[in-house]
Each structure stands twice: as C-alpha cells, then as structure tokens.
Amino acid sequence: MKQFIRLLVPVLTLVTLSGAAAASGLTRVLGAHPWWSEKVVWVGLPAGIALAATAWLLAPARGPRLITLFALTLLAFGLAQYGQARFAASVAEDALAGQAWYFGWIATCALATATVASLFRYQRPAH
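In this report, the structure presented in the accompanying data block is examined.

**Quick word on the environment of Ile49**
Then, in step 1: In this fold, Ile49 is placed in helix α3 (residues 39-58).
Then, in step 2: Judged by relative accessible area, which is 27%, Ile49 ranks as partly exposed.
Then, in step 3: Along the sequence, Ile49 and Val116 sit 67 residues apart, while their C-alpha atoms lie 9.7 Å from each other.
Then, in step 4: Sequence-distant contacts of Ile49, defined by excluding residues within four places in its chain, comprise Val11, Leu14 and Thr113.

Here's what the structure looks like:
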C-alpha cells in the first residue's frame, strides 16, 4: 500500500499540471492549433506516463535521463513549430506539415510529462 501511495502522488501531480496547462491554454499560446490545443495535452499525458514508467523500469541514471528527456522535448517542440510554419506557408495544403505540427505537439506534451515525472524520486522495490 505504501508503494502505491508513493506512485500515486506523481501521477496526481502530473494530472493536475496537465489540467492547469489545458485550462490556461498554454499549448495554444505556444503555437498549437486552437481546435486541438487541449486535446494534445490529454493525449500526451498517458503517453508521457508510459514513457516515465519505461524509464523507471530501465533504470538509467537520473541526470542523463532528465537531460535526454528534456532534449527530446525541445526537439519535439521544434518539430511542431517547423510543421506549423510549413503548414501556414502552404496555406493549409501541406498535409505532412500539418501532421508534423499535430504529432509534434503530442510528442512535446508526452515528453514534457515524462520529464516532469522523472523529477520525482521513487525507487523500484527490492526483490
């Protein structure tokens, strides 16, 4: 039960932060399309929790894990911005750019979730 509570706190924190990001329109302000700016947060949340759980199981060192996840978050954000710029320049004709914009935002939200989850200190139980 104690281990469950220790894992519940990070998950509730992530859900709360995601709710705050969706409610405040943070993704829209940063460049996500208004129609799906909230959706990418909620699609990225479970994907980010799964990424964090995978990192937890693989147990890499904390520093490199944080640096890698943060760098990948920036890379995904850059992809989303590039897709947005190409999509707008093509006057909504470039479907690949639109997909890069949309999926880049999902990846940004998922990787940001995994990065924040990795900030918590939790240990795997000893067997």
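The discussion continues.
**Some thoughts on the packing of α3 against helix α5 (residues 95-118)**
Then, in step 1: Where α3 contacts α5, the axes come no closer than 7 Å and their chain directions differ by 45 degrees. Classed by the angle they form, the pair α3 and α5 counts as oblique. For the pair α3 and α5, the sense of crossing is right-handed. From α3, Lys39, Val40, Val41, Val43, Gly44, Leu45, Ala47, Gly48, Ile49, Leu51 and Ala52 reach across to α5, where they touch Tyr102, Trp105, Ile106, Cys109, Ala110, Leu111, Thr113, Ala114 and Ala117.
Then, in step 2: Of the residues in the contact of α3 with α5, the class split is 16 nonpolar, 3 polar and 1 charged.

**Notes on unusual backbone geometry**
Then, in step 1: A positive phi angle is found at Ala59, which is not glycine, with a value near 55 degrees.
Then, in step 2: Within the secondary structure, Ala59 is located in the loop between α3 and α4 (62-89).
Then, in step 3: Although it is not a glycine, Ala92 adopts a positive phi angle of roughly 60 degrees.
Then, in step 4: With respect to the helices and strands, the residue Ala92 is situated in the loop between α4 and α5.
Then, in step 5: Looking at Ala92, the relative accessible area reads 52%, which means it is exposed.

**Comments concerning the pattern of salt bridges**
One side chain can pair with another of opposite charge once the charged atoms of both are near each other.
Then, in step 1: Enumeration according to the criterion identifies 1 salt bridge in this entry.
Then, in step 2: A salt bridge links Arg86 to Asp94; the shortest N-O distance between them is 2.7 Å.
Then, in step 3: Classification of Arg86 as partly exposed rests on a relative accessible area of 38%.
Then, in step 4: A relative accessible area of 16% means that Asp94 is categorised as buried.

**So, helix α1 (residues 2-24)**
Then, in step 1: Here α1 is 23 residues long and its end C-alpha atoms lie 33 Å apart, about the 33 Å a rise of 1.5 Å per residue gives.
Then, in step 2: Among all positions of α1, only Pro10, Leu14, Ser18, Ala21 and Ala22 are buried.
Then, in step 3: Tucked inside the fold, the buried residues of α1 contact α2 (26-30), α3 and α5.
Then, in step 4: Positive backbone phi, approximately 75 degrees, marks Gly25, located one or two places after α1.

**Some words on the side chain of Ser37**
Then, in step 1: Along the chain, Ser37 turns up in the loop between α2 and α3.
Then, in step 2: Contact partners of Ser37, with chain neighbours within four places excluded, come to Thr27, Arg28 and Ala32.

About the criteria used
- Residues numbered from 1 in each chain as written.
- Predicted model: local features only at pLDDT ≥ 70, side-chain atom pairs only at ≥ 80, totals over all residues.
- Heavy atoms only, no water.
- Helix = DSSP H or I, 4+ residues; strand = E, 2+ residues; numbered from the N terminus.
- Buried < 20%, exposed > 50% of the residue type's maximum accessible area, 1.4 Å probe, protein only.
- Contact = heavy atoms within 4.5 Å.
- Axes fitted to C-alpha atoms, helices over the stretch in contact; angles between N-to-C directions.
- Parallel < 35°, antiparallel > 145°, perpendicular 65-115°, else oblique.
- Left-handed = near helix turned anticlockwise from the far one by under 90°.
- Nonpolar A, V, L, I, M, F, W, Y, C, P; charged D, E, K, R; others polar.
- Salt bridge = Lys/Arg side-chain N within 4 Å of Asp/Glu carboxyl O.
- Expected span 1.5 Å × (residues − 1).

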